[in-house]
Amino acid sequence: QVQLVESGGGLVQPGGSLRLSCAASGNRFIIYDMGWYRQAPGKQRELVAGITTSRRTNYADSVVGRFTISRDNAKNTVYLQMNSLKPEDTAVYYCNADIQRFGGPRLDYWGQGTQVTVSS
């Protein structure tokens, strides 16, 4: 079994920064693409940022220049550095990873979500 565990959410003032982390744990698996999604109340879940195994990245237009996604393959961990946070960034942030357990198919895995609240 593979699990994604997120950390780093919280309450921050507008203009502040937060760093989210998501670590995959389990036995005998390979991680391919990883990403961060978010869902605000009453809205659909949306892609915030993604990163491939070769570290090619893509971002939602609303976070370009403010957020940075990175990964540490040795630690099976993906990060999201969020700077210049705005109230509209308030949402539950979810980690996502394309993972293949040895001998099995590639599947989408999700973290439990971490709340990010930007408010003065």
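Anyway, here's the lowdown on the structure attached to this text. Because the structure is predicted, anything quoted here is derived from the model rather than measured. Counting of residues starts from 1 at the beginning of each chain's written sequence and follows it residue by residue. Since the coordinates come from a predicted model, pLDDT governs what is reported: local features require at least 70, and pairs of side-chain atoms require 80 or more to be given and counted, while whole-chain, interface and lining totals use all residues. Values shown for side chains rest on all heavy atoms present in the structure; no hydrogens or waters enter the calculation.

### Some thoughts on the sheet that holds strand β8 (residues 77-82)
By way of backbone hydrogen bonds, the strands of a sheet pair with one another, either parallel or antiparallel.
Reasoning step 1: The antiparallel open sheet is built from four strands, whose spatial order is β1-β3-β8-β7. Bordering the open sheet on either side are β1 (3-7) and β7 (67-72), each of which pairs with just one other strand. With strand direction ignored, the average angle separating the axes of adjacent strands in the sheet is 15°.
Reasoning step 2: Bridge count between β7 and β8: six bridges; the pairing is antiparallel. Paired with Asp72 across the bridge in β8 is Thr77. Strands are labelled as partners when DSSP assigns at least two bridges between them. Secondary structure elements are taken from DSSP: a helix is a run of H or I of four residues or more, a strand is a run of E of two residues or more, and numbering for both begins at the N terminus. Axis geometry follows a simple rule: fit a line to the C-alpha atoms, using only the stretch in contact for helices, then measure angles between N-to-C directions, giving values from 0 to 180 degrees.

### What to know about the environment of Pro14
Reasoning step 1: Tracing the sequence through the fold places Pro14 in the loop between β2 (10-12) and β3 (18-25).
Reasoning step 2: Relative accessibility under 20% of the residue-type maximum defines a buried residue, over 50% an exposed one, and the middle range a partly exposed one, all with a 1.4 Å probe and only protein chains included. A relative accessible area of 41% places Pro14 in the partly exposed class.
Reasoning step 3: In this structure the C-alpha to C-alpha distance between Pro14 and Gln1, which are 13 residues apart in sequence, comes to 38 Å.
Reasoning step 4: The contact criterion used is simple: two residues touch if any of their non-hydrogen atoms lie within 4.5 Å. Beyond its immediate stretch of four places on either side in the chain, Pro14 contacts Leu85, Pro87, Val118, Ser119 and Ser120.

### Overview of the state of the cysteines
Reasoning step 1: Any two cysteine sulfur atoms within 2.5 Å of one another count as a disulfide. Summed over all chains, the structure comprises one disulfide.
Reasoning step 2: Each disulfide pairs two cysteine sulfurs, and for Cys22 the partner residue is Cys95, the sulfurs being separated by 2.1 Å. Taking the torsion about the S-S bond as the criterion, the Cys22 to Cys95 disulfide, at about -80°, is left-handed. Of this pair, Cys22 sits in strand β3 while Cys95 sits in strand β9 (residues 91-101), and the two are 73 residues apart along the sequence.
Reasoning step 3: The class of Cys22 is buried, set by a relative accessible area of 0%.

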